[in-house]
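These are the residues of each chain, in order.
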Amino acid sequence: MPEHILVTRNFQYPDQPELKIALSRGTYEQWKRILSEKISPEDIINEVKTAKLRGQGGAGFPAGVKWGFVPQDTPKPKYLCVNADEGEPGTFKDRALLEKDPHQLLEGIAITCFAVGIHTAYIYMRGEFYDPQRIVQKAIDDAKKEGLLGKDIQGSGFDLEVIIHMGAGAYICGEETALLNSLEGKKGWPRLKPPFPALVGAFGCPTVINNVETISGVPHIMNMGGEAFQKIGTENDGGTKLFGISGHVQKPGLYELPMGTPLKELVFDVAGGVRDGHELKAVIPGGSSTPILKPDELDIPLEFEAMMEAGTMLGSGAAIVLDETVSIPEVFMVMSRFYAHESCGQCTPCREGCTWIYKIARKIYEGNGVPADLDLILDLAPMLDGTTVCPLGAALAAPAIAIVEKFRDEFLGMMKN
Amino acid sequence: MPELIINDQTVQVPEGTNLIQAARKLGIDIPHFCYHPGLSIAGSCRMCQVEIEQNGRSRIDLACSNPATDGMIVRTDTPQVKKIVKTVLELLLMNHPTDCPICDDAGECKLQNYYMRHGLYDNRLNVEKWHKAKVYPVGPTISLDDERCILCGRCVRFCGEIWGERQLGIFGHGSNEVLSNFPGRELDNPYAGNVVDLCPVGALTDKDFRFKRRVWYLKSVKSVCNLCSRGCNIYLHFDVDHDYKDPGKRIFRVKPRYNGGVNRWWICDRGRYGYSFIDDANRALTPMVAGKEAEWDQALARVEDLIKSFSKKGNTGTMAFLIAPTATNEDAFIAMKLFRDFLKFDNLGYDIPSTETLQADHVLMTDDPYPNRKGFQDLGVGSVSNRMEAAEIIAAVNDGRIKGLIVAGSDLEGMSGINLDSIITKLDWLIVASHDQNLLWKKATVALPMAVHAERTGTFTNFKGEVQKFEKAVESPGMALPQWKIWQRLAKRFNARWSFDDTESVFRALAEGKPEYDTLNWNATFGVTPGLYPDSW
């Protein structure tokens, strides 16, 4: 087993979702220790800050800093929303965490809630996650019976209710404020920020929203200490990250690697490189919202800032590997169709812009494009980035610009004239 | 008070003022669709983006959702801002049907106006437009064209936030999203018409106005609604110069006029659609004496004779004067001067039950259908020692104590258990002043045609005591006159020493020494203007 395996360490055991088994392997030990040793919430937050745990949903916001924004002197209840609305195309890491080690997540939830002073946690789960829902719900019920969740946990006086809320299938509800609206029973439209959820979140109350993977890492920070956790990764990105690599590689799958592992290593060593007899054409490194990379651009460490500097994003760590059999204009058409379909429709640039880009992409793919169409995309796409309520417009804009710029010749090749 | 700089100009605004409002103070119009000062901030049209420099950092952000703060530097004219605004407009127009020639909103449409100011691009649409539902009713009075809708959500917020029931919603997602009714609900709230005013484009149109006139033919005056005691400030939109449709129709629509203390940006549908009586075929046009058309002099000579025939015999106690509080302060003032003070009528009343019972609500509507009851009270119409309620006067007619009756502005239909025919037989004479040929008109000994509020200037005092002036839009039909002029002419026949030539002098006389009328600056606000709406947001 590789050296730095944290959140996937028990993935190999099919019986890990059983509470007794999980307990025998050390799950909830940190939670119990925090309660018995009366570790202070501030110490936990400081440990998470030291660990440089970054938000693993794609934005990479430091988790400890986010928790610190929640006001402690508020008379209102506070909430935790675990974002399990995994919908970024190419991404399949949270589902594994939910199905294979639900108690690890629950322990992370408990520790997070204790640190921030929260007594109600929601797991907002993608609507299609029938199995994860069943598995996590059973884990919640079992943990409650065991006195690890619920009222007066372990005699500490600390209460924590964990509630699963199922989404209804909209990609946008993975955006944290759309998630909050959906959770409240409203249409899943992102909210204007400020106010940020840490101040005005679910039901108008201070709310922490973190990805499943982020929360699942918390018990490991408490186990090994923030400093050791940080050292696994890089200076700014502590610990490990799950990478789901798919497409034309020898060994597609989910891998846990230290933050900062070179993208090259992920593609060529970990995943075994492109399938035999084919050559690499491109890599979409972190889910479909991240700008595409050509084979000569893969020498980047997989960490948030370095990927940004390279003109792309770490995103959700979902690398999609494409070989020479793939038509890039087709990829672009399929990808833009997704964003045009999933745009929530609230704000103009995204609602109309994504659809326009998709229609142009389709026009080109169908052989009716003209070179001016590419220039229109390059002129239009930047107007979807930073002008909208939420980043969905940017999630199409940045990849669209990259794909058109980097594969212009292939697009032109599809045009009759 | 935060002080900020917008396009190099310094402005001070109250705490909490947003950047659209702050810029407007400098005469800078920041384009916007979804923002309206009477509704919550949606921030969804993304049209109002500006460059904001705050604490040394510069960003592109919304002018609607950002409050002005001290030291803020705002620019609306950078190349980047201009490009964003232009692109947002282009995106809103890309699927728009651009059917302006047949759109009622043409001329007062934000898409049109902003295209001229912020767009002016060449069309580069290279794909097919979306098609959505065309004209269909969303309620009894309003039609929706989803292809024209730009999804700003103002109407949705109006129903939810001002009326309090969500009757409209935005459904679906992406660019095939549509505005529509909430399932099972109609846009039928008593304030529904406001969504047409709020709609920045021609998506929501008023069935009452559809295809009646091009808006640029309309003219506008500032008026006050006369259909309840709130006295909502309105514009009357009229056109008498084009007769290609609806012959005889002069008033085409009523639009709310902002008054923060009275009606804010809204009016109710009762007021909005309640103007048809003005151009009704049943209007009273000519004075009538014994059922025959007459000149004013003949009619008023007859009235003089009838009154004198009683007063000469010392029978002032057998005459009564009833005036409905639909009359203006000026009408009431002259009427009191004549009937109470000069002719010494013993029996005066104004409390005539209306045919309509109103239910006050949480928005604007009051429970009093009369626009000027408070004005009557302030002028002392109700405080004469021998005041009789309408019901008492009618009872007195029935038992023969009253033989001569003057009724102004009512046909007494709202009085329960009244038999007009039997009353007529008990009276020696009945004088009626009315704007229409009401139930009493044909039975009257003398009938006098009155102008309505749209045809004259005057003041009403609303239930809160605010004295509000309204302006004349159109000429009165036939020989009809404002009520006070009728009584003024009659007073002249009786050789009263006082005489008033115009409404202003009547107002100044009634207001003299009464500070409550000082709030009204008679000279402010007037004149006929182009009838485009909305004129501000």
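Residues numbered from 1 in each chain as written. Chains lettered and ligands numbered in written order. Predicted model: local features only at pLDDT ≥ 70, side-chain atom pairs only at ≥ 80, totals over all residues. Heavy atoms only, no water.

1. Re the confidence of the model for chain B
Working step 1: Across chain B, the average pLDDT comes to 93, with 98% of residues at or above 70.
Working step 2: ipTM for the predicted complex: 0.94, alongside a pTM of 0.94. (pLDDT = per-residue confidence, 0-100.)

2. Considerations on the sheet that holds strand β6 (residues 253-258) of chain A
Residue and element names in this part refer to chain A.
Working step 1: The strand order across the open sheet formed by 4 strands is β6-β5-β8-β7, and the pairing between neighbours is mixed. In the strand order of this sheet, the two ends are held by β6 and β7 (280-284), each with one partner. Sheet twist, expressed as the average angle between the axes of neighbouring strands with direction ignored, equals 25°.
Working step 2: As paired strands, strand β5 (residues 240-247) and strand β8 (residues 318-323) are joined by 4 bridges and run parallel to one another. Paired with G244 across the bridge in β8 is A318. (Pairing = 2+ DSSP bridges. Helix = DSSP H or I, 4+ residues; strand = E, 2+ residues; numbered from the N terminus. Axes fitted to C-alpha atoms, helices over the stretch in contact; angles between N-to-C directions.)

3. Examining empty space enclosed by the protein
Working step 1: Counted by the stated rule, this structure contains 8 cavities of 30 Å³ or more.
Working step 2: Roughly 140 Å³ of internal volume is contained in the largest cavity.
Working step 3: What lines the largest cavity is a set of 17 residues, and nearest its centre among them are D105(B), E108(B), V196(B), R253(B) and K255(B).
Working step 4: Where the lining of the largest cavity is concerned, the elements lending two or more residues are α5 (194-198), β10 (204-206) and β13 (251-256) of chain B.
Working step 5: In terms of residue count, the dominant contributor to the lining of the largest cavity is β10(B) (3 residues).
Working step 6: When the residues that make up the lining of the largest cavity are grouped by side-chain class, the tally is 7 nonpolar, 2 polar and 8 charged.
Working step 7: Its volume calculated, the second largest cavity comes out at about 120 Å³.
Working step 8: Around the second largest cavity, the lining comprises 14 residues; the ones closest to its centre are E352(A), N95(B), K132(B), E147(B) and C149(B).
Working step 9: Broken down by secondary-structure element, the contributors of at least two residues to the lining of the second largest cavity are α14 (348-365) of chain A together with α2 (79-94) of chain B. (1 Å grid on protein atoms, 1.4 Å probe; cavity = no way out; pocket = protein on both sides within 12 Å on 5 of 7 lines; lining within 4 Å. Points joined across faces, edges and corners; volume = space filled by probe spheres on them. Nonpolar A, V, L, I, M, F, W, Y, C, P; charged D, E, K, R; others polar.)

4. Considerations on a nonpolar patch on the surface
All names here are of chain A.
Working step 1: There is a patch of nonpolar side chains on the surface, built from F61, V65 and F69 and spanning about 260 Å² of accessible area.
Working step 2: The residue V65 is located in helix α4 (residues 63-68) in this model.
Working step 3: The exposure class assigned to V65 is partly exposed, which follows from its relative accessible area of 32%. (Patch = residues over 30% accessible without salt bridge, like charges linked within 9 Å, V, L, I, M, F, W, Y side chains within 5 Å. Areas by Shrake-Rupley, 256 points an atom, 1.4 Å probe, with all protein chains shown as cover. Salt bridge = Lys/Arg side-chain N within 4 Å of Asp/Glu carboxyl O. Buried < 20%, exposed > 50% of the residue type's maximum accessible area, 1.4 Å probe, protein only.)

5. Observations concerning the domain arrangement of chain A
How big an interface is tends to be stated in terms of the accessible area lost upon association of its parts.
All names here are of chain A.
Working step 1: One can read the domain layout of chain A as domain 1 (19-232), domain 2 (243-323) and domain 3 (328-413).
Working step 2: Domain 2 and domain 3 are separated by 22 Å when their C-alpha centres are compared.
Working step 3: Contact between domain 2 and domain 3 buries roughly 980 Å² in total, counting both sides, with carbon and sulfur atoms accounting for 66%.
Working step 4: At the boundary of domain 2 with domain 3, the tally comes to 2 salt bridges.
Working step 5: Summed over the shared surface of domain 2 and domain 3, the result is 6 residue pairs in polar contact (both at pLDDT 80 or more).
Working step 6: With 3 residues, β7 is the largest single contributor of residues to the side of domain 2 that touches domain 3.
Working step 7: Taken together, the residues of the side of domain 2 that touches domain 3 sort by class into 6 nonpolar, 3 polar and 3 charged. (Domains from an automatic or database assignment. Buried area = accessible area lost by both parts, 1.4 Å probe. Polar contact = N/O pair within 3.5 Å; in protein donor to acceptor, adjacent residues only side chain to side chain.)

6. Topic: the layout of surface pockets
All names here are of chain B.
Working step 1: Of the pockets and cavities examined, the second largest pocket occupies roughly 950 Å³.
Working step 2: Around the second largest pocket sit 37 residues that line it, and L227, F277, T326, G409 and H435 are the ones nearest its centre.
Working step 3: Of the residues that constitute the lining of the second largest pocket, the class distribution is 13 nonpolar, 15 polar and 9 charged.

7. Section: the pairing of strand β21 (residues 458-461) of chain B
For a regular strand, side chains alternate in direction, first toward one face of the sheet and then toward the other.
All names here are of chain B.
Working step 1: Burial of the side chains of β21 extends over both faces: G458 and F460 are buried on one face and T459 and T461 on the other.
Working step 2: Examined bridge by bridge, β21 and strand β22 (residues 467-470) share 4 bridges and lie antiparallel to one another. Along β22, the bridge assignment pairs T461 with V467.

8. So, the packing of aromatic side chains
Residue and element names in this part refer to chain B.
Working step 1: Taken as a whole and assessed by the stated rule, the structure comprises 31 aromatic pairs over all chains.
Working step 2: Ring centres 5.0 Å apart and planes at 65° place the aromatic pair F158 and W266 in the edge-to-face group. Remark: W266 occurs in the loop between β13 and α6 (269-273) and F158 occurs in helix α4 (residues 154-163); sequence separation between them is 108 residues.
Working step 3: Residue classification places F158 among the buried positions, given a relative accessible area of 0%. (Phe/Tyr/Trp six-rings, centres within 6.5 Å; stacked < 30°, edge-to-face > 60°.)

9. Quick word on the sheet that holds strand β11 (residues 219-224) of chain B
All names here are of chain B.
Working step 1: Taken together, 4 strands build an open sheet; the order of strands is β13-β12-β11-β23 and the sheet is antiparallel. Here the strands that pair on one side only, and so sit at the sheet edges, are β13 and β23 (529-530).
Working step 2: Examined bridge by bridge, strand β12 (residues 233-238) and β13 share 5 bridges and lie antiparallel to one another. Following the sheet pairing, Y235 is matched in β13 by K255.

10. Quick look at helix α6 (residues 102-116) of chain A
Residue and element names in this part refer to chain A.
Working step 1: For α6, spanning 15 residues, the distance from its first C-alpha to its last is 21 Å, which sits close to the expected 21 Å at 1.5 Å a residue.
Working step 2: Of all 15 residues in α6, 15 are buried; the element is thus mostly enclosed.
Working step 3: Just past α6, the residue G117 takes up positive phi, approximately 80°. (Expected span 1.5 Å × (residues − 1).)

11. Structural notes on the packing of α14(A) against α2(B)
Working step 1: The N-to-C vectors of α14(A) and α2(B) enclose an angle of 65°; their axes lie 9 Å apart at closest approach. At the point where α14(A) passes α2(B), the crossing takes the left-handed sense. Mapping the contact onto sequence places T348(A), P349(A), R351(A), E352(A), G353(A) and W356(A) in α14(A) and V88(B), E90(B), L91(B), L92(B) and M94(B) in α2(B).
Working step 2: By residue class, the composition of the contact of α14(A) with α2(B) is 6 nonpolar, 2 polar and 3 charged. (Left-handed = near helix turned anticlockwise from the far one by under 90°. Contact = heavy atoms within 4.5 Å.)

12. A short note on the pairing of strand β3 (residues 49-54) of chain B
Residue and element names in this part refer to chain B.
Working step 1: Among the 6 residues in β3, 5 count as buried, and that is most of the element.
Working step 2: Across 6 bridges, β3 lies against strand β4 (residues 57-62) in antiparallel orientation. Paired with E51 across the strands is I60, a residue of β4.
Working step 3: In textbook terms, the turn of a hairpin is the stretch between consecutive antiparallel strands, and for β3 and β4 this stretch comprises 2 residues, one of which, N55, has a positive phi near 50°.
Working step 4: By the bridge criterion, 3 bridges tie β3 to strand β5 (residues 73-75) in an arrangement that is antiparallel. What sits directly across from E51, in β5, is R75.

13. Describing the nonpolar core
Working step 1: Counting 151 residues, the largest nonpolar core has F332(A) and F33(B) as its most contacted members.
Working step 2: Excluding residues that lie within four positions of it along the chain, F332(A) makes contacts with I357(A), A361(A), I377(A), A400(A), I403(A), V404(A) and F411(A).
Working step 3: Within the second largest apolar cluster, 58 residues are counted, among which are W67(A), I140(A), L148(A) and V212(A). (Core = buried A, V, L, I, M, F, W, Y, C linked by side-chain atoms within 4.5 Å.)

14. Here we look at the interface of chain A and chain B
Working step 1: Facing 30 residues of chain A, the contacting portion of chain B comprises 34 residues.
Working step 2: Counting each side, the surface lost to burial between chain A and chain B is near 2600 Å², with a carbon and sulfur contribution of 57%.
Working step 3: Here chain A is connected to chain B by 3 salt bridges.
Working step 4: Taking the shortest distance from any N to any O, the salt bridge between E177(B) and K187(A) comes out at 3.4 Å.
Working step 5: Our enumeration of links across chain A and chain B arrives at 18 residue pairs in polar contact (both at pLDDT 80 or more).
Working step 6: The residue inventory of the side of chain A that touches chain B, partitioned by class, reads 12 nonpolar, 10 polar and 8 charged.

15. Looking at helix α2 (residues 29-36) of chain A
Residue and element names in this part refer to chain A.
Working step 1: Burial in α2 covers these residues: Q30, W31, I34 and L35. For α2, the angular spread of buried residues about the axis comes to 135°, placing them on one side.
Working step 2: The inward-facing, buried residues of α2 contact α3 (41-50), α6 and α9 (212-224).
Working step 3: In the stretch just after α2, K38 is the one whose phi turns positive, near 50°. (Arc of directions from axis to C-beta.)

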